[in-house]
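Commentary on secondary and tertiary structure
One-letter residues, chain by chain:
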Amino acid sequence: MTEFETDLSASDDFDVAPVRLTVDLGALADNWREMARRSGRARAAAVVKADAYGLGIEDCGTALYEAGARDFFVAVAQEGATLRAYAPDARIYVLSGIWPGQEAIFYEHGLVPVLASEEQLAFWMSVTAEHGDHPCALQVDTGFNRLGLPPEEAIAFADDVSRPASFSPVLVLSHLHNGDTPSSDLNRRQLESFRRVAEAFEGIEASLSASAGIFLGPEYRFDLTRPGIALYGGEAVAGEPNPMKPVARAEARIIQIRDAKKGETVSYGGTHQLSRDSRLAIAAAGYADGYLRSLSGSGVPLRQVVEHGAFGFVAGRKVPVVGRITMDLTIFDVTDIAPSEIRAGDYIELFGPNMPLDDVARAAGTIGYELLTGLGLRYERRYVYPDS
Ligand SMILES: *Cc1c(COP(=O)(O)O)cnc(C)c1O
């Protein structure tokens, strides 16, 4: 038996955490500046919904604000109220709009509802009539069939002389459904539809493009762009090299390394049979940590999209997941790493600078957005601040 030194004084939680997440705020700020640059004459906002794509709205919001962002988009009012403390004079848009009972949070925190239906418009008019002028935005649906007024209704509204003079949106926006596929002519159709709306709302700022749309060309950028995933290092355009810097690194601790014989099986269901004598690393992350069960290794009939499961990165190498991922644990095949180069206690990178987020997502049949927003509550987080 090996002797261990033991110590009851507290150690840094991050150094011993079963699962941990490092968020590089310098890379986040650089990515926002890069998207601002690529937005050309348009101003770049920052989309920080779903707790800044799972990475933490307080720290990410602060870093984006310090990088220069003054327009933010959240999904729901509560996210906007949280962000307000970190972005004091920014414009904060709430994409789901407003409904009765939410008036106070919008007025108190100066949030801008993105109105998406006749019903919301009518409600908002009665709110402003009673409580005073307050900025709003208008969403137009140009083909997504999600939120927004049909273009004809929006244009009729723009031309409606009977609406109160005080009631004027500060932004009209729409959202592309195929922006990640530059070759799709659906983008151009949405662009043309949105252009007519933007012209009807002359003098009011217009916004069409999220991360992917920014790459489609200058005519898609209008006055304000809305990058989200690209800020967090994710891939915006399918099948193109990703120019963004990685922001998040998720790691799990190896808690045991074991030898297993050729012919033995691994994990629940015994679906993976070893084709050689192997060394297996048992890592302390599972599907409860957002390491999706559909990332399980070969031989597991959970997934139709790709044959293999995910890879982790440890000791300078990619190593495959073998067998089914379980709630708290995942098994990696580390046979190809020299025993002197890996031991229990080491961390294996699930995704990050060495193991691209989107490669891991693809292995699960999903997208980087879902991996980031599903990370779960157990990660010990460390935020790395820029040098300046
Ligand atoms: C989420 C969202 C965005 C950001 O999209 P990304 O693809 O993450 O850049 C922009 N606009 C709207 C309306 C959204 O819902």
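Here the residue numbering is sequential within each chain, running from 1 through the sequence in written order. Given that the model is predicted, a residue must reach a pLDDT of at least 70 before its local features are reported, and side-chain atom pairs must reach 80 or more before they are shown or counted; all residues, however, enter totals for whole chains, interfaces and linings. As a convention, hydrogens and water are excluded, and side-chain values are obtained from all of the structure's heavy atoms.

**Concerning the site of the ligand**
The line we're drawing: Residues are counted as near a molecule or strand when any one of their heavy atoms sits within 4 Å of it. For the purposes of these results, a polar contact is taken to be a pair of N or O atoms within 3.5 Å, where, inside protein, one atom must be able to donate a hydrogen and its partner to accept one; residues adjacent in sequence count only when each atom of the pair is a side-chain atom. Accessible surface is estimated by sampling points in the Shrake-Rupley manner with a 1.4 Å probe; for residues, cover comes only from the protein chains shown. Residues are sorted three ways: Asp, Glu, Lys and Arg are charged, Ala, Val, Leu, Ile, Met, Phe, Trp, Tyr, Cys and Pro are nonpolar, and all the rest, Gly among them, are polar.
Lining the immediate surroundings of the ligand are 13 residues, of which Lys 49, Tyr 53, Ser 211, Ile 229 and Tyr 369 lie closest. Within the contact set of the ligand, an oxygen atom lies 2.6 Å away from a side-chain nitrogen or oxygen of Tyr 369. Here the ligand has 390 Å² of accessible area as a free molecule, and 92% of this is covered by the chains. A per-class count over the shell around the ligand returns seven nonpolar, three polar and three charged.

**Some words on the UniProt feature "active site" (unreviewed entry) in the chain**
Rule in force here: UniProt positions are given in the numbering used here, feature names are shortened, and annotations may be inferred rather than shown by experiment. Throughout, a contact is declared for two residues whenever any of their heavy atoms are within 4.5 Å. Only runs of H or I of at least four residues qualify as helices and only runs of E of at least two qualify as strands under DSSP, and these elements are numbered from the N terminus. Burial classes: relative accessible area under 20% of the type maximum marks a residue as buried, over 50% as exposed, and values in between as partly exposed (1.4 Å probe, protein chains only).
Here, the residues flagged by UniProt with the feature "active site" (unreviewed entry) are Lys 49 and Tyr 268. For this annotated set, covering 220 residues, the C-alpha atoms extend up to 36.0 Å from each other, a dispersed arrangement in space. If sequence neighbours within four positions are ignored, Lys 49 has contacts with Phe 73, Val 74, Ala 75, Glu 79 and Leu 95. Looking at where Tyr 268 falls in the secondary structure, it is placed in the loop between strand 12 (265-266) and strand 13 (272-273). On the basis of relative accessible area, Tyr 268 is assigned to the exposed category, the value being 58%. Ignoring sequence-local partners within four residues, the contact set of Tyr 268 consists of Arg 324 and Thr 326.

**Overview of the nonpolar core**
Put simply, the rule is: By nonpolar core we mean a set of buried residues, namely Ala, Val, Leu, Ile, Met, Phe, Trp, Tyr and Cys, connected to one another through side-chain atoms within 4.5 Å. Per the annotation, domain bounds derive from an automatic or database assignment of domains.
Of all hydrophobic cores here, the largest spans 112 residues; its most connected members are Leu 55, Leu 64, Phe 72 and Tyr 232. Composition of this core by domain shows at least three residues from each of domain 1 (40-226) and domain 2 (248-384). Residues within four places of Leu 64 in sequence aside, it is in contact with Leu 28, Trp 32, Ala 46, Val 48, Ala 69, Phe 72, Leu 231 and Tyr 232.

**Remarks on the packing of aromatic side chains**
The cut-off we apply is this: Two rings from Phe, Tyr or Trp (for Trp, the six-membered ring) form a pair when their centres are within 6.5 Å of each other. A pair whose planes differ by under 30 degrees is stacked, one over 60 is edge-to-face, and the rest are tilted. A positively charged side chain is recorded as over a ring if its NZ (Lys) or CZ (Arg) lies within 6 Å of the ring centre. The angle to the ring normal must also be within 35 degrees.
Scanning the entire structure with this criterion turns up six aromatic pairs. With a centroid separation of 6.2 Å and an interplanar angle of 40°, the aromatic rings of Tyr 107 and Trp 124 are classed as tilted. Within this pair, whereas Tyr 107 is found in helix 6 (residues 103-109), its partner Trp 124 is found in helix 7 (residues 118-131), the two being separated by 17 residues in sequence. You can call Tyr 107 partly exposed: its relative accessible area is 25%. Accessibility expressed as a relative area gives 0% for Trp 124, which makes it buried. Both rings, one in Phe 194 and one in Phe 222, keep their centres 5.0 Å apart while their planes meet at 80°; by these two values the pair is edge-to-face. Taken together, the residues span a long stretch of sequence, with Phe 194 in helix 9 (residues 186-200) and Phe 222 in the loop between helix 10 (211-214) and strand 10 (224-225) at a distance of 28 residues. By relative accessible area, Phe 222 is classed as partly exposed at 22%. Connected via pairs of aromatic rings, a cluster forms that spans Tyr 53, Tyr 232 and Tyr 369. Residue placement shows Arg 226 over the ring face of Phe 73; its charged tip is 5.9 Å from the ring centre. The ring centre of Phe 311 lies 4.6 Å from the NZ or CZ of Lys 318, which sits over that ring.

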